[in-house]
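Geometric and topological summary
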Amino acid sequence: MSSKNNVDILITNASELLTCKPFDPKKPKTGEDLKDLVIIKDGALGIKDGRIAFIGTSTDAKNITAKTTINAARKVVMPGFVDCHTHAVFAGSREDEFLKKQQGIPYLEILKQGGGILNTVEKTRRASKEELLQKSEKIFWKMLEYGTTTVEVKSGYGLSFEDEKKILEVAQDVTKKVPIDIIRTYLGAHTVPKNTSKENYVKEVISSLEKIKKYAEYCDVFCEKGVFSVGETETILTAAKKHGFKLKLHAEQNNQLHSAELAAKLGVVSADHLEYISPDGIKSMVDKGVIGVLLPGVPFYLMEEKYAPVRELINNGMAIAIASDFNPGSCPSYNMQLMISLACLKMKLLPSEAINATTINAAFAIDRGNEIGSLEEGKKADVIVLEVDNHNKLPYYFGINLVEKVIKNGKVVIDRGKSSIVDKH
Ligand SMILES: [Zn+2]
């Protein structure tokens, strides 16, 4: 019997096994390919040593023996969600701003009043590393419960070397307590801290790059009117590139600044938000293969009408991903199922497009497309089982957690419906 016929976990009878396999293994999905989830009906999936060892139909799997069998009859089995844009490590909460937003005070105005990001900066600076770690532990377990198995986390609530380092260290240490993978991004240029000029702070961010490099894979800048200009963003990201960072960029969120063109010029991995992107911006991103990360939870939560022009992006050949942008101000939710519903309702994505955008394309947006984001032999066994029988029910039931089981690195880490596991031990 070959090792393939003897696995640790075997999932069988899945009504739909969404492989999300890309057409080209090196590239995220675009155009028509984005609609294709590459579904196996009556699917089966074998896991061995943390990796996917077998994928096929239940009939193909009938000779496979397993230590644990999961009967996924009338259930969808798919890759774990990859949340490729969050600000998940912070202290406190900002429900007071919720009331301001209801009264129609705009986000940038709240920022000017010393609220917004600076409010969280103050609380995060005051919090000890241990306090931040305890809060983060709860958040990342919850994320797992909602089916997220890999998450990108940005710093940006410290705004000094020591406090930014504290956040990035927490994002590392929490993975010793919670079985989730975290990709770390240095966002020192999130806003300008109090009691310093922007000019001085840009210099400070640049001079901290060398020291902060070992704590983060990516460098990101909040390029926005009243925050960092296109010129300042270019200066910071050019320096970051020299220090070996991969790049990301908060681009065209509230104003058309042509930061998408800058994103293309710098060769960033992804440019995120894009509500106000121009046709030239779209073209330059597509030419350079920059992924557009869209964050529908933000305009939804800020009660804004303008969403990223997703159909235009897709029709022009851009690869798009969807993320939560989980943060305490403009999107206090990390529910990726809700983000899929919002992408369908507010941006008119098809359910299949939104699912590919939160799995395989999101994996490419953090440069992990070869490792996660789709169910293929050899890839990491990050798998979720949903308590619905077809993928259109994922956006249809909105705000409800449909995740029944989460398998991370080949181990069942969340089980909200134990009855269907048959364990041979
Ligand atoms: Zn963000």
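Residues numbered from 1 in each chain as written. Predicted model: local features only at pLDDT ≥ 70, side-chain atom pairs only at ≥ 80, totals over all residues. Heavy atoms only, no water.

In this section: the nonpolar core. Core analysis: the biggest nonpolar cluster contains 121 residues, and F140 and I320 have the highest contact counts within it. With eight residues, helix α12 (residues 336-347) is the largest single contributor of residues to this core. The residues that make up this core include at least three from each of domain 1 (3-79 + 375-423) and domain 2 (82-365). Excluding anything up to four places from it in sequence, F140 contacts A88, V89, V151, V153, V174, V178, I180 and I182. Grouped together as the second largest cluster of nonpolar side chains are 16 residues, A14, L17, A72 and V77 included. (Core = buried A, V, L, I, M, F, W, Y, C linked by side-chain atoms within 4.5 Å. Buried < 20%, exposed > 50% of the residue type's maximum accessible area, 1.4 Å probe, protein only. Helix = DSSP H or I, 4+ residues; strand = E, 2+ residues; numbered from the N terminus. Domains from an automatic or database assignment. Contact = heavy atoms within 4.5 Å.)

For the pair helix α8 (residues 259-266) and helix α9 (residues 279-288), interaxial distance at closest approach is 8 Å and the crossing angle is 15°. Considering their axes alone, α8 and α9 lie roughly parallel with respect to each other. The two elements α8 and α9 cross, and the hand of that crossing is left-handed. From α8, A260, E261, A264 and K265 reach across to α9, where they touch D280, G281, S284, M285 and K288. In terms of residue class, the contact of α8 with α9 is built from three nonpolar, two polar and four charged. (Axes fitted to C-alpha atoms, helices over the stretch in contact; angles between N-to-C directions. Parallel < 35°, antiparallel > 145°, perpendicular 65-115°, else oblique. Left-handed = near helix turned anticlockwise from the far one by under 90°. Nonpolar A, V, L, I, M, F, W, Y, C, P; charged D, E, K, R; others polar.)

The coordination sphere of the zinc ion contains the protein donors H85 (NE2), H87 (NE2), H250 (NE2) and D325 (OD), at a distance range of 2.1 to 2.5 Å. Coordination at the zinc ion is irregular: its four donor atoms span angles of 81 to 170° at the metal. When the donors of the zinc ion are listed by position in the chain, the intervening gaps give H-x1-H-x162-H-x74-D. With H87 in the loop between β6 (81-83) and α1 (95-102) and H250 in strand β10 (residues 246-251), this pair connects stretches of sequence that are 163 residues apart. H250 carries the same exposure label as H87, and that label is buried. (Donors = N, O, S within 2.8 Å, 3.2 Å for Na, K, Ca; no water. Tetrahedral: all angles 85-135°; square planar, octahedral: opposite > 155°, others 65-115°.)

For the rest of this paragraph, the subject is the domain arrangement of the protein chain. Along its sequence, the protein chain is organised into domain 1 (3-79 + 375-423) and domain 2 (82-365). Each of domain 1 and domain 2 has a C-alpha centre, and the two are 29 Å apart. Residue-level contacts link 39 residues of domain 1 with 32 residues of domain 2. Taking both sides of the interface into account, the surface hidden between domain 1 and domain 2 amounts to around 2700 Å²; carbon and sulfur atoms contribute 69%. Our enumeration of links across domain 1 and domain 2 arrives at two salt bridges. A salt bridge links K408 to D181; the nearest nitrogen and oxygen atoms lie 2.7 Å apart. Joining domain 1 to domain 2, the criterion identifies eleven residue pairs in polar contact (both at pLDDT 80 or more). Those elements giving two or more residues to the side of domain 1 that touches domain 2 turn out to be β5 (76-79), α15 (393-396), β15 (403-408) and β16 (411-415). Per-element accounting of the side of domain 1 that touches domain 2 gives the leading share, four residues, to β15. Counted by class, the side of domain 1 that touches domain 2 contains 21 nonpolar, seven polar and eleven charged residues. (Buried area = accessible area lost by both parts, 1.4 Å probe. Salt bridge = Lys/Arg side-chain N within 4 Å of Asp/Glu carboxyl O. Polar contact = N/O pair within 3.5 Å; in protein donor to acceptor, adjacent residues only side chain to side chain.)

With that out of the way, let us pick up the pattern of salt bridges. Under the definition given, this model contains 31 salt bridges. D287 is paired through a salt bridge with K283; the nearest N and O atoms lie 3.1 Å apart. A residue pair is termed a helical-turn pair when its members lie 3 or 4 positions apart in one helix, as D287 and K283 do in helix α9 at four residues. When its relative accessible area of 52% is taken as the criterion, K283 is described as exposed. By sharing partners, the salt bridges in this structure join K129, E162, K165, E169, D173 and K176 into a single network.

The next thing to look at is the environment of R51. On the secondary structure map, R51 appears in strand β3 (residues 51-57). Since its relative accessible area comes to 32%, R51 is described here as partly exposed. Taking the C-alpha atoms as reference points, R51 and I400, 349 residues apart in sequence, are found 29 Å from one another. The contacts of R51, once residues within four sequence positions are left out, are G46, E371, G378, K379, K380 and A381.

Okay, the side chain of S374 next. Here S374 lies in the loop between α14 (360-365) and β14 (383-386). Separated by 2.6 Å, the side chains of S374 and K379 make a polar contact. Leave out the neighbours within four places in its chain, and S374 touches T19, C20, K21, P22, I52, P79, I360 and K379.

On the surface, a cluster of nonpolar side chains totalling about 320 Å² of accessible area is made up of Y396, Y397 and I400. Residue placement: Y396 occurs in helix α15. (Patch = residues over 30% accessible without salt bridge, like charges linked within 9 Å, V, L, I, M, F, W, Y side chains within 5 Å. Areas by Shrake-Rupley, 256 points an atom, 1.4 Å probe, with all protein chains shown as cover.)

Before going further, it helps to examine the packing of aromatic side chains. If you walk through the whole model with that rule in mind, you get seven aromatic pairs. Between the aromatic rings of Y146 and Y334, the centroid separation amounts to 6.2 Å while the plane-to-plane angle is 75°, which identifies the pairing as edge-to-face. You can see Y146 sitting in the loop between α4 (129-145) and β7 (148-154) and its partner Y334 sitting in the loop between β13 (320-322) and α12, a full 188 residues away along the chain. Residue class for Y334 comes out buried when judged on its relative accessible area of 17%. Look at F326 and Y334: their rings are 4.9 Å apart centre to centre, the planes differ by 85°, and that puts the pair in the edge-to-face class. Take F326 and Y334: they sit in the same class, and that class is buried. Connected via pairs of aromatic rings, a cluster forms that spans F90, Y146, Y157, F326 and Y334. Taking NZ or CZ as reference, K211 lies 4.2 Å from the ring centre of F161, over its face. Above the ring of Y276, the side-chain terminus of K306 is found at 4.9 Å from the ring centroid. (Phe/Tyr/Trp six-rings, centres within 6.5 Å; stacked < 30°, edge-to-face > 60°. Lys NZ or Arg CZ within 6 Å of the ring centre and 35° of its normal.)

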